[in-house]
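Fold and contact review
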Amino acid sequence: MSAAVITVSHLRKTYGATVAVDDVSLEVREGEIFGLIGPNGAGKTTTMECVEGLRRADRGIISVLGLDPVRDASALRQRIGVQHQDAHLQKRIKVWEAIDLWASLYGRTVEAGALLARLGLEGKRDAWFMTLSGGQKQRLFIALALIHDPEVVFLDELTTGLDPQARRAIWALVTGIRDRGKTVFLTTHLMEEAERLCDRVAIIEHGRLIEMGTPADLVATHCPERRVVFTSDSPGVAERLKDAPGVRHATTEGQTHTLHGEGDDFVTGIIHAVARESIHVRGFRTEVPTLEDVFLKLTGHGIRD
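These lines cover the structure that appears in this document, whether it is placed above or below. (Residues numbered from 1 in each chain as written. Predicted model: local features only at pLDDT ≥ 70, side-chain atom pairs only at ≥ 80, totals over all residues. Heavy atoms only, no water.)

Comments concerning the layout of surface pockets
Quick reminder of the rule: Buriedness of a pocket was judged along seven lines, with at least five required to meet protein on both sides within 12 Å; pockets are open sets of points on a 1 Å grid over the protein atoms alone, cavities are sets where a 1.4 Å probe fits but cannot get out, and lining residues have an atom within 4 Å of a point. Grid points are joined across faces, edges and corners, and a volume is the space filled by probe spheres set on the points. The helix and strand labels rest on DSSP assignments: H or I over at least four residues marks a helix, E over at least two residues marks a strand, and numbering proceeds from the N terminus. Polar here means any residue other than Ala, Val, Leu, Ile, Met, Phe, Trp, Tyr, Cys and Pro, which are nonpolar, and Asp, Glu, Lys and Arg, which are charged; Gly is therefore polar.
Here the largest pocket defines a volume of roughly 460 Å³. Counting residues per element, the ones that place at least two in the lining of the largest pocket are helix H2 (73-77), strand S5 (80-83), helix H3 (95-103) and helix H5 (134-146). A class-by-class count of the residues in the lining of the largest pocket yields 14 nonpolar, five polar and two charged.

Listed below in structure tokens is the structure:
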């Protein structure tokens, strides 16, 4: 197990009578993508901003790369890269000007041209910020966060508002950051994004952590049931398959049959049983639970409620 580069212990942050973060504790390990996930207003951004040192926690202990984000703010800024949720630049600043401006803030930087090329922005070097697409703007913000080759990168709701194609392009960039040995701490309310990107996640709701682990482990723990759905005009399908390995129960609606079960061999057992019973099948598919299902089970409501 890698060493922890971020440690948060019993973090609390309030705004007047509103408790934004309540007794949050977590660790982010070196070289992983760690996701803080939950609905809008759950406390994700406040937690991240306290870890970055942008907000002072009311209570708790935070360590980032062995530094206190408030007391050691100047030293920490040289070692972390930050992309903010509501980041924006002047309309008529050019891409190369933004890169040069950010580079001037650090004592050590990477080669700007190579960075822009890696992020697919080499052709936009002389473009004004206001002419960039949403995905290009987000790639520029990633470039600004990476210009000084930070050890830890913070990404706050990076793909909100992007179309699916741009979102997937950003996902590839984020995994590339991790693959180059960096640690990524991100927030998102998109469960698909968390499942695709994160090595581990922490689910936050109303300012409190309610569960933490790998996406696969959380699904296996809280939503182990899988479903096989298929259509068949063969007679008595549900009755003939109800005793297949792993099947807990079966339902039929017209010619559509749904088998509910658990275990690694559940789907394989169904396939073998279908072949053994010579059942004619059309439209066979499996349905597996997701992090969204985990959140629904743990909180009683959907992530976008």
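The rest of the description comes next.
Let's talk about the packing of H3 against H5
To keep things clear, this is the line we draw: Angles here are taken between N-to-C directions and fall from 0 to 180 degrees, while the axes themselves are lines fitted to C-alpha atoms, restricted in helices to the stretch in contact. Throughout this description, any angle smaller than 35 degrees is read as roughly parallel, any larger than 145 degrees as roughly antiparallel, any in the 65 to 115 degree range as roughly perpendicular, and the remainder as oblique. By definition, turning the near helix anticlockwise from the far helix through less than a right angle yields a left-handed crossing, and turning it clockwise yields a right-handed one. In this description, contact between two residues means that some pair of their heavy atoms is separated by no more than 4.5 Å.
Where H3 contacts H5, the two axes come as close as 9 Å, and the packing angle between them is 25 degrees. In terms of orientation, H3 and H5 fall into the roughly parallel class. Here H3 and H5 pass one another in a crossing that is right-handed. In this structure, H3 uses Val 95, Ala 98, Ile 99 and Trp 102 to contact H5, whose residues at the interface are Leu 140, Ala 143 and Leu 144. Residues belonging to the contact of H3 with H5 are distributed by class as follows: seven nonpolar, no polar and no charged.

Some remarks on the environment of Thr 45
Turning to its location among the elements, Thr 45 is positioned in helix H1 (residues 44-52). With 141 residues separating them along the chain, Thr 45 and Leu 186 place their C-alpha atoms 9.5 Å apart. Once you skip the residues sitting within four places of it in the chain, Thr 45 turns out to touch Gln 85 and Asp 156.

A few points about the pairing of strand S11 (residues 247-253)
To be explicit about the condition: For two strands to be treated as a pair, DSSP must find no fewer than two bridges joining them.
As paired elements, S11 and strand S12 (residues 256-261) share six bridges and run antiparallel to each other. Along S12, the bridge assignment pairs Ala 250 with Leu 259. Linking two consecutive strands that pair antiparallel, namely S11 and S12, is a turn of two residues; a positive phi of about 65 degrees is found at Gly 254 within it.

Some words on the nonpolar core
Convention followed: Only buried Ala, Val, Leu, Ile, Met, Phe, Trp, Tyr and Cys residues count toward a nonpolar core, and they belong to the same one when joined by side-chain atoms within 4.5 Å. Think of it in three bands: residues with accessible area under 20% of the maximum for their type are buried, residues over 50% are exposed, and the middle band is partly exposed, with areas taken using a 1.4 Å probe on protein chains only.
Core analysis: the largest hydrophobic core is formed by 47 residues, its most contacted members being Leu 89, Leu 140, Ile 142, Val 174 and Leu 186. Ignoring sequence-local partners within four residues, the contact set of Ile 142 consists of Leu 119, Leu 158, Ile 170, Leu 173 and Ile 177. Leu 36, Cys 50, Leu 67 and Ile 204 belong to the second-largest nonpolar core, a separate cluster that totals 26 residues.

Topic: the sheet that holds strand S10 (residues 226-231)
If you walk across this open sheet you meet the four strands as S11-S12-S10-S13, and the pairing is antiparallel. Of all the strands in the sheet, just S11 and strand S13 (282-287) have a single pairing partner and so form its edges. Adjacent strand axes in the sheet meet at a mean angle of 15 degrees when their direction is disregarded. Two elements, S10 and S13, share four bridges in a ladder whose sense is antiparallel. In the strand pairing of S13, Val 228 is matched with Thr 286. Set on the sheet, helix H10 (residues 266-276) makes contact with S10, S11, S12 and S13; between it and S10 the angle comes to about 25 degrees.

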